[in-house]
There are 2 protein chains.
Amino acid sequence: MSQTRVLLDETEIPTHWYNVAADLKNPPAPPLGPDGQPVTPDKMLAIFPGPVLEQEMSAERWIPIPEEVRQVYALWRPSPLCRATRLEQVLGTPAKIFYKYEGVSPAGSHKPNSAVPQAWLNKIAGTKRLVTETGAGQWGSSLSFAGQMFGLPVRVYMVKVSYEQKPYRRLMMQTWGGEVLASPTNLTKSGRDALAQDPNNPGSLGLAISEAVEEVVNTPGSKYALGSVLNHVILHQTIIGLEAKKQFEKIGLYPDMIFAPCGGGSNFGGAAFPFLADKAAGDKRANNLRCVAVEPTSCPTLTKGVYAYDFGDATGYTPLMKMYTLGHDFMPPGIHAGGLRYHGDSPLVSQLFNEKLIEAVAVPQVATFEAGVMFARAEGIIPAPESCHGIRACIDEALRCKQTGEPKTLFFNLSGHGHFDMTAFESYLGGKLTDFDYPAEAIQASLEHLPKVG
Amino acid sequence: MSQTRVLLDETEIPTHWYNVAADLKNPPAPPLGPDGQPVTPDKMLAIFPGPVLEQEMSAERWIPIPEEVRQVYALWRPSPLCRATRLEQVLGTPAKIFYKYEGVSPAGSHKPNSAVPQAWLNKIAGTKRLVTETGAGQWGSSLSFAGQMFGLPVRVYMVKVSYEQKPYRRLMMQTWGGEVLASPTNLTKSGRDALAQDPNNPGSLGLAISEAVEEVVNTPGSKYALGSVLNHVILHQTIIGLEAKKQFEKIGLYPDMIFAPCGGGSNFGGAAFPFLADKAAGDKRANNLRCVAVEPTSCPTLTKGVYAYDFGDATGYTPLMKMYTLGHDFMPPGIHAGGLRYHGDSPLVSQLFNEKLIEAVAVPQVATFEAGVMFARAEGIIPAPESCHGIRACIDEALRCKQTGEPKTLFFNLSGHGHFDMTAFESYLGGKLTDFDYPAEAIQASLEHLPKVG
């Protein structure tokens, strides 16, 4: 019987996260305020607690994982590294295909990897309650779970259209004790202004961020938590790649290529960065390693965007970050992989892409679901639409290996299950899913609105 | 760090299932045909293949698990044995609480443990396609997955009201390539008759069974598969308890009490029977072991039913089985734990209960969700409504231990996650869930319709 899953004991949960900032060739570009000057820590302290900010700005290579966080991780971690033998057979490829399965977390995705330490760091900093926003609910449910683990109340501004149309993740948040509000609300000025303009405003992620941040700034004891993009979030997610490295070592293999979906970047960075640490340290096994960020053709941030300072949100509320961007007011088409509909990208992922240490590829929607269904029928697990992007790119490479005969070792991050996305599969199976043309004109238009810096 | 999960490597997947029939004090009562005579194998062969029937009637204690089945099991098995340390702390109990988590399977419950071997045994018997029925979709999705693993087409008659109101599990079946029909259909006489009486017939499990069996009898190459009640199904589910025994051995513990939900019996039998094997073999650790089947107060088969021959289905289509029953036309109230709404019980579970080798307890609906939410907030996993029954009984015992100071080792089977049952949690959290009075009159009425035998 060939080995299917490589497991680690919970004593093997890594003791430190990996901070790729320590291995960058050039110093990271600082976030800038509205005045064009680097944002000072005291301004950030209004919304994030000290221990989180410390990690956000750290240049240390290895950052210890608090014991209390490792204990909560142990509820589902280490997650399994699985060999997709049946998928290899279906494809007839000589490549070995491995995936890390993050859907085993209580919330069903990789998001709790950062929600748990963020809740803990807030707890020890004396934060009394956490406020955040969520779109379809992946991040909001993860933070609700994490807050519950440490007795920290969580309020979630959930985009109203999702609140109404996607009740299941809202119900998960409530089951874990999270308070969920349909955004826009009457509780904030941003919300009231939006409702004054249009009482039927369906909400947006940008507006929900504005409401959450506004409440935090005006409510002592409250802090804000973000689920992707920022350095500390990607730091926490490196638990994925660090475990995977131990698991590959157990079976005497090392990946030739790594694939992960890339929206805000925490999924990709979490899986790939720990392997880049080997490259930086001169480990020969990593000499020819290729890390591929996979994005939708309808929101091609790395493959079609520009590397520039831009706002992190749609309305220009956040500091300016140096990143690949399609323009902060670019509105991606409504693909099912909501987690990849982001105009920008993590500054760390962006810098590494700019320095050609990582690659990127864009894949169209229908092909991602084709790959997801092929995977489900071979391996059982039904993947989230975001995860289907990584699977697509990995299958494409496995098929190339079939042409060339190369027995490459391929690794992708299966970031979550699709249990709450089954209607997307219904559209695909019913032949109702479409691709979107490359939105060249919309990107051109939004890039004209990039803020001027320096 | 105290150990949270006890893991086994896939080489430790048991090589044999345990057949409790070999350890019964009295011979099992045979199923009877309409003529009151024991059903002959050739009649059964019209709907089940030889290798399945062989297991159904076997008196062997240990039955080998085919290598092909173990390879598919390895996609998610061995499942983890987890210690609910956080729940113990919330309860303030000196008891140690352990649970086996079966929600890690692709279908999210314990059902694939039997779907996979049934698909394989059909495959080697030359079956060309499988036909089954499903209510909310747990069994239909598991069999669709299992059929896909061995290239066997699967048709599922799904109760129409669930087909329309619970699309997510239907979509899982379709994603795995299963063909799903809303029952009643026009394809069978049973379906046509029902539709002739009422074109808007919402369907029922009994009717869906009739359609599936009718089609199989009339379609060469097709066979039927059932997800609970029968001996071979419980046999396959013993993989749960057999793994748990290995896991308890690793940590040097042995359970004092075992709790599992009991509808058709495969969940309970699968978890408990392998420990009864120790008792039968004179293992001293099992001397005082207590196994508790947990059922809803609204469908109290073991606790309020009679031990008698009755039909397995509502309409009197199946052979008569000796079992605890509330009467085959007893219609339980519409509780959310659909898997426990069954008028009868497995003949094996029934006989063991009658011989006082196991116990039973009934718990009311609201208390089960209270327990489920308490568990989710302590341990993360959101349990299925059926699983909440086992949790409730286990928590009650843990609270008794708090009174007495006994440091008992308690074990329950967490048979599945609640991702597709979130609206049930909405009802509970919104205070809209009710208990049902003990349906004494309805039970009295249906018991009057028990078939006369001998």
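No experiment lies behind these values; they were computed from the predicted model shown.

(A) Region of the structure containing unusual backbone geometry. Residues and elements named next belong to chain A. Going from arginine 77 to proline 78, the amide bond is cis rather than trans, its omega being -10°. Notably, valine 229 is not glycine yet its phi reads approximately 70°, a positive angle. With respect to the element layout, valine 229 can be found in the loop between strand E9 (222-224) and helix H11 (231-250). On the basis of relative accessible area, valine 229 is assigned to the buried category, the value being 8%. The phi dihedral of lysine 356 is positive, around 60°, even though this residue is not glycine.

(B) Spotlight on the sheet that holds strand E4 (residues 81-83) of chain A. All names here are of chain A. An order of E1-E4-E5-E15-E10-E11-E14 is seen for the seven strands of this open sheet, with the pairing classed as mixed. Looking at which strands have only one partner, the edges of the open sheet turn out to be strand E1 (5-6) and strand E14 (359-363). Against the sheet, H11 touches E1, E4, strand E5 (96-101) and strand E15 (409-414), its axis set at about 135° to E5.

(C) Focus on the domain arrangement of chain A. Residue and element names in this part refer to chain A. Here the domain parsing of chain A yields domain 1 (5-10 + 77-108 + 240-447) and domain 2 (16-66 + 111-231). Put simply, the middle of domain 1 and the middle of domain 2, counted by C-alpha atoms, are 23 Å apart. Each partner contributes residues to the interface: domain 1 has 33 residues there, and domain 2 has 39 residues. Between domain 1 and domain 2 lies a buried interface of about 2900 Å² when both sides are counted; carbon and sulfur atoms form 66% of it.

(D) Molecular detail of the side chain of B:Asp310. Residue and element names in this part refer to chain B. Mapping aspartate 310 onto the fold places it in strand E12 (residues 306-311). Buried charged residue aspartate 310 carries no salt bridge. Nearest counter-charge: lysine 452, at 9.9 Å. In terms of polar contacts, aspartate 310 uses its side chain to reach the side chain of threonine 325, at 2.8 Å. Separated by 2.7 Å, the side chains of aspartate 310 and histidine 328 make a polar contact. Once you skip the residues sitting within four places of it in the chain, aspartate 310 turns out to touch Pro319, Leu320, Met321, Met323, Thr325, Gly327, His328, His343, Leu450 and Pro451.

(E) Representation of the packing of helix H2 (residues 50-57) of chain B against helix H5 (residues 112-124) of chain B within the structure. Residue and element names in this part refer to chain B. In contact at an axis separation of 7 Å, H2 and H5 are set at 125° when each is read in the N-to-C sense. It follows from the interaxial angle that H2 and H5 lie oblique. Across the interface between the two elements, Pro51, Val52 and Gln55 of H2 pack against Leu121, Asn122 and Ile124 of H5. In terms of residue class, the contact of H2 with H5 is built from four nonpolar, two polar and no charged.

(F) A look at helix H17 (residues 422-429) of chain A. What H17(A) keeps buried is the set A:Met422, A:Ala424, A:Phe425 and A:Ser427. On the buried face of H17(A), the contacting elements are helix H15 (365-379) and helix H16 (385-404) of chain A together with helix H8 (167-175) of chain B. Backbone geometry just downstream of H17(A) places A:Gly431 in the positive-phi region, at approximately 70°.

(G) Geometry of the packing of aromatic side chains. Residues and elements named next belong to chain A. With the rule as written, the count across this model stands at 41 aromatic pairs over all chains. Each ring, one from tryptophan 76 and one from phenylalanine 145, has its centre 5.9 Å from the other, and the planes form 65°; the classification is edge-to-face. Placement of the pair is tryptophan 76 in the loop between helix H3 (67-73) and E4 and phenylalanine 145 in helix H6 (residues 138-149), with a sequence separation of 69 residues. Each member of the pair, tryptophan 76 as well as phenylalanine 145, carries the same accessibility label: buried. Each ring, one from tyrosine 254 and one from phenylalanine 275, has its centre 5.7 Å from the other, and the planes form 80°; the classification is edge-to-face. Here tyrosine 254 is found in the loop between H11 and strand E10 (257-261), whereas its partner phenylalanine 275 is found in helix H12 (residues 266-280), with 21 residues between them in sequence.

(H) Up close: the relation of the copies chain B and chain A. For the pair chain B and chain A, the relating rotation is 180°, the translation along its axis is 0.0 Å, and the fit reaches an RMSD of 0.0 Å. Taken together, the rotation angle and the small translation identify this as a two-fold axis. When you check the interface residues of chain B against chain A, 100% turn up at the interface there too, and the contact is symmetric in its surfaces.

(I) Spotlight on the sheet that holds strand E10 (residues 257-261) of chain B. All names here are of chain B. An order of E1-E4-E5-E15-E10-E11-E14 is seen for the seven strands of this open sheet, with the pairing classed as mixed. Across the chains shown, the open sheet's two edge strands, defined by having one partner strand only, are strand E1 (5-6) and strand E14 (359-363). Sheet strands touched by helix H13 (residues 266-280): E10, strand E11 (290-296) and strand E15 (409-414). Its angle to E10, the strand with the most contacts, is close to 160°. Taken strand by strand, helix H17 (residues 385-404) contacts strand E5 (96-101), E10, E11, E14 and E15, and its axis lies near 150° from that of E10.

(J) Summary view of the interface of chain B and chain A. At the interface, 48 residues of chain B touch 48 residues of chain A. Of the roughly 4400 Å² buried between chain B and chain A, counting both surfaces, carbon and sulfur atoms make up 58%. One can count two salt bridges joining chain B with chain A. Residue B:Glu426 is joined to A:Arg170 by a salt bridge in which the shortest nitrogen-to-oxygen separation is 3.4 Å. Connecting chain B to chain A are 21 residue pairs in polar contact (both at pLDDT 80 or more). Counting only elements with at least two residues in the side of chain B that touches chain A, the list comes to helix H3 (67-73), helix H6 (138-149), H8, helix H16 (365-379) and helix H18 (422-429) of chain B. Among the elements that line the side of chain B that touches chain A, the one with the most residues is H8(B), at six residues. Its residues assigned to classes, the side of chain B that touches chain A shows 25 nonpolar, twelve polar and eleven charged.

(K) Structural detail: the pattern of salt bridges. Residue and element names in this part refer to chain A. Under the counting rule described, the total for this entry stands at 40 salt bridges over all chains. One salt bridge in this structure joins aspartate 396 and arginine 392, with 2.9 Å as the shortest N-O distance. Residue aspartate 396 and its partner arginine 392 are both found in helix H16; the two are separated by four residues, about one turn of the helix. Assessed through its relative accessible area of 27%, aspartate 396 is described here as partly exposed. Of the residues examined, arginine 392 reaches a relative accessible area of 8% and is grouped as buried.

(L) Focus on helix H10 (residues 205-218) of chain B. Its 14 residues give H10(B) an end-to-end C-alpha distance of 20 Å, which sits within 8% of 20 Å, the value for a rise of 1.5 Å per residue. Buried positions along H10(B) lie against strand E6 (129-134), strand E7 (154-159), strand E8 (179-183), helix H9 (189-197) and strand E9 (222-224) of chain B.

What counts, and where the lines are drawn
- Residues numbered from 1 in each chain as written.
- Chains lettered and ligands numbered in written order.
- Predicted model: local features only at pLDDT ≥ 70, side-chain atom pairs only at ≥ 80, totals over all residues.
- Heavy atoms only, no water.
- Helix = DSSP H or I, 4+ residues; strand = E, 2+ residues; numbered from the N terminus.
- Buried < 20%, exposed > 50% of the residue type's maximum accessible area, 1.4 Å probe, protein only.
- Pairing = 2+ DSSP bridges.
- Contact = heavy atoms within 4.5 Å.
- Axes fitted to C-alpha atoms, helices over the stretch in contact; angles between N-to-C directions.
- Domains from an automatic or database assignment.
- Buried area = accessible area lost by both parts, 1.4 Å probe.
- Lys, Arg positive; Asp, Glu negative; His and termini not counted.
- Salt bridge = Lys/Arg side-chain N within 4 Å of Asp/Glu carboxyl O.
- Polar contact = N/O pair within 3.5 Å; in protein donor to acceptor, adjacent residues only side chain to side chain.
- Parallel < 35°, antiparallel > 145°, perpendicular 65-115°, else oblique.
- Nonpolar A, V, L, I, M, F, W, Y, C, P; charged D, E, K, R; others polar.
- Phe/Tyr/Trp six-rings, centres within 6.5 Å; stacked < 30°, edge-to-face > 60°.
- Least-squares fit on C-alpha atoms with pLDDT ≥ 70 in both.
- Expected span 1.5 Å × (residues − 1).

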